[in-house]
Amino acid sequence: TDKLRFLDLFSGIGGFRLVLERTGGFETVGFCEIDPFCRRVLAKHWPDVPCHDDITTMEFSEGMADVITGGFPCQDISLAGKGAGLAGERSGLWRELVRASCRVRPRSAIVENVAALLGRGMGRVLGDLAEIGSDAEWHCIPASAVGFPHRRDRLWILTHPDGVSGSDGAAA
């Protein structure tokens, strides 16, 4: 069977890559990570995968990936931050994930962020997705639900083209 190609944005040290490729059904076509230390980790473990260093200058083309993944910066959304939300310099990079999705036209995107996004920008996230013809389903999952000894709620958003639903078409 053919593997789904995914583009990993805001890659960190490759968490999405580890999870998706271990399923056996995904192949990474590229990373984008600004932090030099993280880029060195990615290059060490996956030297065959290209890594761009700046999401704002990365070029995207239609069909380059079936799936886009990304945990865009949370500093402006987090309850520990100053509350600038998606208007903030770092969390505002959400728009780059939207730009990538608009140009690539993937089957799906998997987005991760802090649970505070629900009250500090989720309406804008859903509006931005609707503007580019995407719909979304989401759920908050605490780290404790997957075996970690702390709660640390994370918001997971799964996008798909409008009119193509997940299990029942309803947002969770």
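See the structure above.
Residues numbered from 1 in each chain as written. Predicted model: local features only at pLDDT ≥ 70, side-chain atom pairs only at ≥ 80, totals over all residues. Heavy atoms only, no water.

1. Overview of the sheet that holds strand S3 (residues 51-52)
- Taken in spatial order, the 7 strands make up an open sheet running S3-S2-S1-S4-S5-S7-S6, and their pairing is mixed. Both outer strands of the open sheet, S3 and strand S6 (134-142), are each paired with one neighbouring strand and no more.
- Both strand S2 (residues 26-32) and S3 contribute to a ladder of 2 bridges, which runs parallel. Bridge pairing links cysteine 32 to histidine 52 in S3. (Pairing = 2+ DSSP bridges. Helix = DSSP H or I, 4+ residues; strand = E, 2+ residues; numbered from the N terminus.)

2. Brief notes about the packing of aromatic side chains
- Under the criterion given, the structure shown has 4 aromatic pairs.
- Ring centres 6.1 Å apart and planes at 80 degrees place the aromatic pair phenylalanine 6 and phenylalanine 26 in the edge-to-face group. Residue phenylalanine 6 is located in strand S1 (residues 4-9), and its partner phenylalanine 26 is located in strand S2; the two are separated by 20 residues in the primary sequence.
- On the accessibility criterion, phenylalanine 26 (17% relative accessible area) is buried.
- Measuring from ring centre to ring centre gives 5.9 Å for phenylalanine 16 and tryptophan 156, while their planes differ by 80 degrees; the resulting arrangement is edge-to-face. Highlighted residues: phenylalanine 16 in helix H1 (residues 15-22) and tryptophan 156 in strand S7 (residues 153-161), separated in sequence by 140 residues.
- Relative accessible area serves as the criterion here: at 15%, phenylalanine 16 is assigned to the buried category.
- With relative accessibility at 32%, the residue tryptophan 156 sits in the partly exposed group. (Phe/Tyr/Trp six-rings, centres within 6.5 Å; stacked < 30°, edge-to-face > 60°. Buried < 20%, exposed > 50% of the residue type's maximum accessible area, 1.4 Å probe, protein only.)

3. Description of the nonpolar core
- Formed by 29 residues in total, the largest nonpolar core has its most connected members in Leu9, Phe72, Trp94 and Leu117.
- For this core, the secondary-structure elements that each account for two or more residues are S1, helix H3 (94-104), strand S5 (108-114), helix H4 (122-131) and S7.
- Per-element tally for this core: the top contributor is H3, with 5 residues.
- Not counting residues up to four positions away in its chain, the partners in contact with phenylalanine 72 are Phe10, Ile77, Leu86, Ser91, Trp94, Leu97, Val111, Glu112, Asn113 and Leu117. (Core = buried A, V, L, I, M, F, W, Y, C linked by side-chain atoms within 4.5 Å. Contact = heavy atoms within 4.5 Å.)

4. Focus on the environment of phenylalanine 72
- With respect to the secondary-structure elements, phenylalanine 72 resides in the loop between strand S4 (67-70) and H3.
- Sequence-wise, phenylalanine 72 and glycine 30 are 42 residues apart; in three dimensions their C-alpha atoms are separated by 16 Å.

5. Thoughts on the side chain of aspartate 128
- Mapped onto the secondary structure, aspartate 128 falls in helix H4.
- Residue aspartate 128 is classed as buried on the basis of its relative accessible area, which comes to 7%.
- Residues in contact with aspartate 128, not counting those within four places in the same chain, are Trp94, Arg95 and Val98.

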